[in-house]
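Fold and contact review
This is what each chain is made of:
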Amino acid sequence: MPRTLTAAALSIALALPLTLAGMSCAPRREVRTEAQLVADGTARKGQFRNEMVDATRTLLMRVAQESGEERVIDVLVLSGGGDYGAFGAAFLRSWKERTGAGAMPEFDVVSGVSTGALIAPFAFLGAPEDLRKCEDLYRNPKADWVKARGILGLLPENASLAEVPGLERELRSEIDEAFVARIAAQGERGRLLFVNTTDLDQGRAQPFEMTMAAKRSVDEGSIDRFHSIMLASAGIPGVFPPREIDGTLYADGGVTSNILYGAPATYEETLFYRFKQAFPNQEGLRMRYWVIFNNQVQSPPKTVQRGWLAVLGRSVEVAIRASTVTALRHLFSHADAVTRRGDGSIEVHWVAIPDDWRAPVDGVFVEETMRNLADIGAKMGAEQNPWRTRPPEQ
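Residues numbered from 1 in each chain as written. Predicted model: local features only at pLDDT ≥ 70, side-chain atom pairs only at ≥ 80, totals over all residues. Heavy atoms only, no water.

**Concerning the pattern of salt bridges**
Two side chains carrying opposite charge are able to pair once their charged atoms lie near each other. Convention followed: Note on definitions: salt bridges are taken to be side-chain nitrogens of Lys or Arg within 4 Å of carboxyl oxygens of Asp or Glu. Numbering goes from the N terminus for both helices and strands, where a helix is a DSSP run of H or I of at least four residues and a strand is a run of E of at least two. Think of it in three bands: with a 1.4 Å probe and only protein chains considered, a residue is buried below 20% of the maximum accessible area for its type, exposed above 50%, and partly exposed in between.
Counted according to the given criterion, the structure contains 29 salt bridges. Between Arg-321 and Glu-317 there is a salt bridge, with its nearest N and O atoms 2.9 Å apart. Pair noted here: Arg-321 and Glu-317 are both in helix 11 (residues 308-341), with a separation of four residues, about one helical turn. Of the two residues, Arg-321 and Glu-317, both sit in the buried class.

Rendered as C-alpha cells:
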C-alpha cells in the first residue's frame, strides 16, 4: 500500500459536491447477486488452493534434490510504500553486487505488494541488469506517472481521482514479452513469484502466482493481464484506477496485507508438514525470510492539528505502518512455532528505512526524495550485515 493517503487525495475524495451525486463516468458493471458472488468466490478460492498445492509440490521436489547444507528455501518479501520503494529497489541492486558471506541468494520465492509488486518481477529474475533497470525507474520518476483527471476526477462514480499513463508506459516498456517469458521459464524450475491484490468484490486478499500468470500470457500471446495484476496491486484505492481481471475488480494489495509471506492457516498446509509427508526420510527444511520494509517502522512525530482532515490523514498513515509491523511480528511468531515443533527452522531477517530519516522535500514521487532514499538503500545493501533479526517493537 502507499506510504500514506495524501491530504490532497483525502480532501478531494471526502469533499465531493453533492450536486454530482447522481452523475456517472465509469462504465457500470453488471450487478451480480450475493449467491452468484459467493459461488464465484468459492470456486476461485478452490482453484487457487489447487494451484498452490501443485506449485509447492514442484518447489519441494526441487529443494529435496539439494544436499543438506544447500537445502534452504530463501523467500524475499517486498512491502508496499509508494515512492519509498526507491529504497528497496536500490538496496537489492547494491546487495546483488556483494560477494562472499552475506551475498544475495537466488530466491526460491519472491512476493511483493503495491510498490513491492512493481519491484518483485525484477528481483525474481535477479540479474544485475534487471535490478539496475528497476533502480533507474525509481531514481527517475516521470511527471506523467500520476496524472490528475481534472474536474472529471470529482465525479463520485469516476474510476479514480487520477490516472497513471506514465506508469503504464514504463511497465509496457520494461516488462515486455521476453521479460514475461523469462519469468515463466523460472516457474518451470519450481520458483514462485507472488503479487498480492485486494479483491473488492469478495472483500479479501487475493494473491496471484505470477509464474503461472506469465505462462498464461505466453500461451495466449498477450501480456495485458500480467500488467493488470501488477497495476491492481499498486492501485491506491480511489486515487489510482482499479483493474478488472477475469470479471473481478481488484485494487491495492496493501489494503488487506502490506507484506505477503504465506503463513498458512493450518499446520497441514505448511511447507514443513508437506515436506515431511513427501520425504519422511529426509532432514527437515530450513527457510530464510528476507523482508524489505519500504518505509520507517516508527512514524516521525509531529504536532497534529484538531481538524478532521489532519486527524484522518495521520490516522491512515499510522494504521498502515502499524498493520505492517503487526504482520512482521506474526511472521516471527510463526517462525518460532515451526522451530519449537522441530519440523525445521525459519530465520527472519528484515530491513527498513532508518527511523531518523526525513524527506528532503515534501510531496509524493518527488525526484530529490526518491534519489535520496535510493542512496540510503544502496548504502545499506552494500553493508556486510544490514539485517535485523529481532521482531520490531510496536
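**Quick look at the packing of helix 7 (residues 177-188) against helix 8 (residues 210-220)**
Here is the rule we go by: For helices, the axis comes from a line fit to the C-alpha atoms of the stretch in contact; other axes are also lines fit to C-alpha atoms, and the angle between any two N-to-C directions lies between 0 and 180 degrees. Working definition: roughly parallel below 35 degrees, roughly antiparallel above 145 degrees, roughly perpendicular at 65 to 115 degrees, and oblique for all remaining angles. Crossing handedness is defined as follows: a turn of the near helix away from the far one that is anticlockwise and smaller than a right angle gives a left-handed crossing, while the clockwise case is right-handed. Any pair of residues with heavy atoms lying within 4.5 Å of one another is described as a contacting pair. Polar here means any residue other than Ala, Val, Leu, Ile, Met, Phe, Trp, Tyr, Cys and Pro, which are nonpolar, and Asp, Glu, Lys and Arg, which are charged; Gly is therefore polar.
Between helix 7 and helix 8, whose axes approach to 8 Å, the crossing angle comes to 125 degrees. In terms of orientation, helix 7 lies oblique with respect to helix 8. Helix 7 and helix 8 meet at a crossing whose hand is left-handed. Across the interface between the two elements, Val-180, Ala-181, Ile-183, Ala-184, Gly-187 and Glu-188 from helix 7 touch Met-210, Thr-211, Ala-214, Lys-215, Ser-217 and Val-218 from helix 8. Among the residues forming the contact of helix 7 with helix 8, the class breakdown is seven nonpolar, three polar and two charged.

**Side note on the packing of aromatic side chains**
Threshold: Ring geometry is summarised as follows: Phe, Tyr and Trp rings, the Trp one being its six-membered ring, pair when their centres sit within 6.5 Å, and such pairs are stacked at plane angles under 30 degrees, edge-to-face over 60 and tilted between the two. The criterion is that NZ of a Lys, or CZ of an Arg, lies within 6 Å of the ring centre and within 35 degrees of the ring normal, and then a charge sits over that ring.
Scanning all chains against the criterion turns up 12 aromatic pairs. A ring pair is formed by Trp-95 and Trp-290, whose centres lie 5.5 Å apart and whose planes are at 55 degrees; its orientation type is tilted. You can see Trp-95 sitting in helix 3 (residues 85-96) and its partner Trp-290 sitting in strand 9 (residues 285-293), a full 195 residues away along the chain. Both rings, one in Trp-145 and one in Phe-365, keep their centres 6.1 Å apart while their planes meet at 80 degrees; by these two values the pair is edge-to-face. Remark: Phe-365 occurs in the loop between strand 10 (344-352) and helix 12 (367-381) and Trp-145 occurs in the loop between helix 5 (128-139) and strand 3 (147-148); sequence separation between them is 220 residues. The class for Phe-365 is partly exposed, based on a relative accessible area of 29%. A connected cluster of aromatic rings, assembled from ring pairs, spans Phe-87, Phe-91, Trp-95, Phe-107, Trp-290 and Trp-387. The ring of Phe-179 has Arg-182 sitting right over it, with the charged end atom 5.9 Å from the ring centre.

**So, the nonpolar core**
As a reminder of what qualifies: Buried residues of nine kinds, namely Ala, Val, Leu, Ile, Met, Phe, Trp, Tyr and Cys, make up a nonpolar core once their side-chain atoms join them within 4.5 Å.
Membership of the largest hydrophobic core comes to 64 residues, with the highest contact counts inside it found for Leu-76, Leu-78, Leu-92, Met-210, Phe-226 and Ile-292. Counting residues per element, this core draws most heavily on helix 4 (residues 115-125), at eight residues. Counting 36 residues, the second-largest nonpolar core is a separate cluster that includes Met-52, Leu-60, Ala-64 and Leu-271.

**Remarks on the pairing of strand 2 (residues 109-113)**
Put simply, the test is: Here, strands pair whenever DSSP counts at least two bridges between them. We call a crossover right-handed when, viewed with the strands running away from us, the connection from the first strand over the helix to the second turns clockwise.
When you tally the buried positions in strand 2, you get five out of five residues, the bulk of the element. Along strand 2, one buried face is formed by Val-109, Ser-111 and Val-113 and the opposite face, lined by Val-110 and Gly-112, is buried too. Inspection of the sheet shows strand 1 (residues 72-78) paired to strand 2 by four bridges, in the parallel sense. Each bridged residue has a counterpart across the sheet, and for Val-77 the counterpart in strand 2 is Ser-111. Traced from strand 1 through helix 3 to strand 2, the parallel crossover comes out right-handed.

**A closer look at the side chain of Arg-288**
Selection criterion: By the criterion applied in these results, polar contacts are pairs of N or O atoms within 3.5 Å in which, for protein atoms, one can donate a hydrogen and the other can accept it, and in which residues neighboring in sequence qualify only through two side-chain atoms.
Looking at the element boundaries, Arg-288 is found in strand 9. By relative accessible area, Arg-288 is classed as buried at 18%. Within the local environment of Arg-288, its side chain forms a polar contact with the side chain of Asp-74, the two groups lying 2.7 Å apart.

**Observations concerning the confidence of the model for the chain**
It should be kept in mind that the predicted coordinates are not to be read in detail where pLDDT is low. Quick reminder of the rule: Residue-level confidence of the predictor is what pLDDT reports, using numbers from 0 through 100.
In the predicted model, the chain carries a mean pLDDT of 88, and 89% of its residues have values of at least 70. Highest mean pLDDT in the chain belongs to helix 3 (98); lowest belongs to helix 1 (residues 7-14) (46). Here residues 10-24 scores under 50 on pLDDT; set against residues more than four positions off or in separate chains, the count is 19 contacts.

**A closer look at the environment of Ile-223**
Among the secondary structure elements, Ile-223 is positioned in the loop between helix 8 and helix 9 (224-233). Sequence spacing of Ile-223 and Ala-213 is 10 residues, and the spatial spacing of their C-alpha atoms is 8.9 Å.

**Side note on helix 10 (residues 271-278)**
Rules: An arc is given here, and it is the one of the directions from the helix axis to the C-beta atoms.
Among the residues of helix 10, Leu-271, Phe-272 and Phe-275 are the ones counted as buried. Taken end-on, helix 10 shows its buried residues confined to a sector of 100 degrees, consistent with a single buried face. The inward-facing, buried residues of helix 10 abut helix 2 (34-64), strand 1, strand 9, helix 11 and strand 10.

**A closer look at the environment of Arg-274**
Its location among the elements puts Arg-274 in helix 10. Separated by 218 residues in the primary sequence, Arg-274 and Thr-56 have C-alpha atoms spaced 8.8 Å apart. Beyond its immediate chain neighbours, meaning those up to four positions away, Arg-274 contacts Met-52, Val-53, Thr-56, Leu-60, Glu-268 and Glu-269. Reaching out from Arg-274, the side chain makes a polar contact with the side chain of Thr-56 at a distance of 3.0 Å.

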